[in-house]
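Residues per chain are reported as follows:
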Amino acid sequence: MKTSAQKISRYLSWMLEIRGLATPETSYYAPLGELLNAIGDTLNPKVKTVEQLRNIGSGIPDFGLCTAEQLKRVKGDTARVEKPERGVVEAKKTADEIDKLLHSEQTAKYAKGYGLVLTTNYREFALVEQGEKGAIEMARYSLAVGEEEFWEMAKHPQKTAAVHADSLCEFLRRALIHKAPITSAEDVAVILASYAREALNLLEQGNESALNPLRTALEKALSMKFKENDGTHFFCSTLAQTIFYGLFSAWMETPARFDWRSAAFSVKRR
């Protein structure tokens, strides 16, 4: 199975390879679909993309996100009408701005009809969910905020993947399980583990000195020292695990009332 870095490097390399002959939008469906399927294959149940989903009353999104079980259930039955269990994907040109896409009538229509939309211009990804008062942006990840920057990054796929692969793959992983039913503590643990991995990545890439007061306090509490690179990694791992174990413990205490999604987003943003 490919690593996160290999998946993102492959995605960028393929995008750049076909750029000279590509149409601005639809030619890039293939690399995007492969990336989403590669991540979907790591889930249980697996999530598969269905390109150019048929119109069941809410338009024709570029991809439907279906579980493997759903595809088995509807196999060959053209009379059966089912919405993709994990939402849909709408992709636009790399020149388009993500904020404009998020507030478009098309995104609003798909959010209302399918519940969840992963909107992208191939360089930025935003997850939009239908709320009580309309479409709501739940999360976003940016490889590049500008088109020129994106294509320059695509010329160096391995270098770009070294920085973005883990975080982007975790973001997409969470997007594919966002609509998954929560039926057990294990389901909550999976999503919080994804946030913990991203938090660890952000901590290790961030300003180390900003964490010095917390590091010192933790060293005193544990009567130990976090020395050199291995110590820094252990400190960051301990911090991330402590935060998200606390969230998990809170859910275990009050599963009926605990809003694990909003809690996880709040921790990340702070």
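This structure is a prediction, so every number in the text was calculated from the model and none was measured.

Conventions adopted
- In this convention, every chain numbers its residues from 1, walking through the sequence in written order.
- In view of the model being predicted, local features appear only for residues whose pLDDT reaches at least 70, and side-chain atom pairs are presented and counted only at 80 or more, with totals across whole chains, interfaces and linings using the full set of residues.
- Hydrogens are left out, water is left out, and the side-chain values use all remaining heavy atoms of the structure.
- Geometry of aromatic contacts follows a simple scheme: Phe, Tyr and Trp rings, the Trp one being its six-membered ring, pair when their centres are within 6.5 Å, and the pair is stacked under 30 degrees between planes, edge-to-face over 60, tilted otherwise.
- Numbering of helices and strands runs from the N terminus; a helix is a DSSP stretch of H or I covering at least four residues, while a strand is a stretch of E covering at least two.
- We call a residue buried when its accessible area falls under 20% of the maximum for its residue type, exposed when it is over 50%, and partly exposed in between, using a 1.4 Å probe and counting protein chains only.
- Think of pLDDT as the predictor's per-residue confidence, scored from 0 to 100.
- Contact definition: two residues touch when any of their heavy atoms are within 4.5 Å.
- To estimate how far a helix should reach, multiply one less than its number of residues by 1.5 Å.
- A carboxyl oxygen of Asp or Glu within 4 Å of a side-chain nitrogen of Lys or Arg is what we treat as a salt bridge.
- Residue types Ala, Val, Leu, Ile, Met, Phe, Trp, Tyr and Cys, when buried and joined through side-chain atoms within 4.5 Å, form a set referred to as a nonpolar core.

Caption draft 1: Focus on the packing of aromatic side chains. A full pass over the atoms with the stated rule returns 6 aromatic pairs. Pairing Y141 with F171 gives two aromatic rings, centres 6.3 Å apart and planes at 40°, and the pair type is tilted. Separated by 30 residues along the polypeptide, Y141 in strand β6 (residues 134–142) and F171 in helix α7 (residues 157–177) bring together distant segments of the chain. Here Y141 and F171 have matching classes, each one buried. Ring pairing ties together the aromatic residues Y28, Y122, F150 and W151, which thus form one cluster.

Caption draft 2: The arrangement of the confidence of the model for the chain in detail. The pLDDT averaged across the chain works out to 85; a share of 81% of its residues lies at or above 70. In this model, residues 264–270 is a region of pLDDT below 50 whose contacts with residues beyond four sequence positions or in other chains number 13 contacts.

Caption draft 3: Structural detail: helix α1 (residues 4–18). Between its first and last C-alpha atoms α1 spans 22 Å; for 15 residues at 1.5 Å apiece the expected length is 21 Å, and the two agree. Those residues of α1 not exposed but buried are K7, I8, S9, Y11, L12, W14 and M15. Contacts from the buried residues of α1 go to α2 (29–40), β5 (124–131), α6 (147–154) and α7.

Caption draft 4: Representation of the pattern of salt bridges in the model. Within the structure shown, the criterion is met by 12 salt bridges. Among the salt bridges present, the one from R73 reaches E82, with a minimum N-O distance of 2.8 Å. Its relative accessible area of 35% is what places R73 among the partly exposed residues. E97 is the salt-bridge partner of R123, the closest N and O atoms lying 3.5 Å from each other. Here E97 lies in the loop between β3 (88–91) and α4 (98–102) and R123 lies in the loop between β4 (116–120) and β5, a separation of 26 residues in the sequence.

Caption draft 5: Broad picture of the nonpolar core. If you look at the biggest cluster of nonpolar residues, it comprises 39 residues, and the most contacted ones within it are I8, Y11, L32, L118, Y122, F125 and L172. Residues L53, L102, Y110 and A126 belong to the second largest nonpolar core, which totals 11 residues.

Caption draft 6: Quick look at unusual backbone geometry. Backbone torsion omega between N44 and P45 reads 5°, so that peptide bond is classified as cis. Examined against the element boundaries, P45 turns out to sit in the loop between α2 and β1 (47–51). Of note in this structure, Q52 is not a glycine but carries a positive phi near 55°. Taking the relative accessible area as the measure of exposure, Q52 reaches 43% and is therefore partly exposed. Residue Y122 is not a glycine yet carries a positive backbone phi of 80°. Counting through the fold element by element, Y122 comes out in the loop between β4 and β5. Residue Y122 is classed as buried on the basis of its relative accessible area of 0%.

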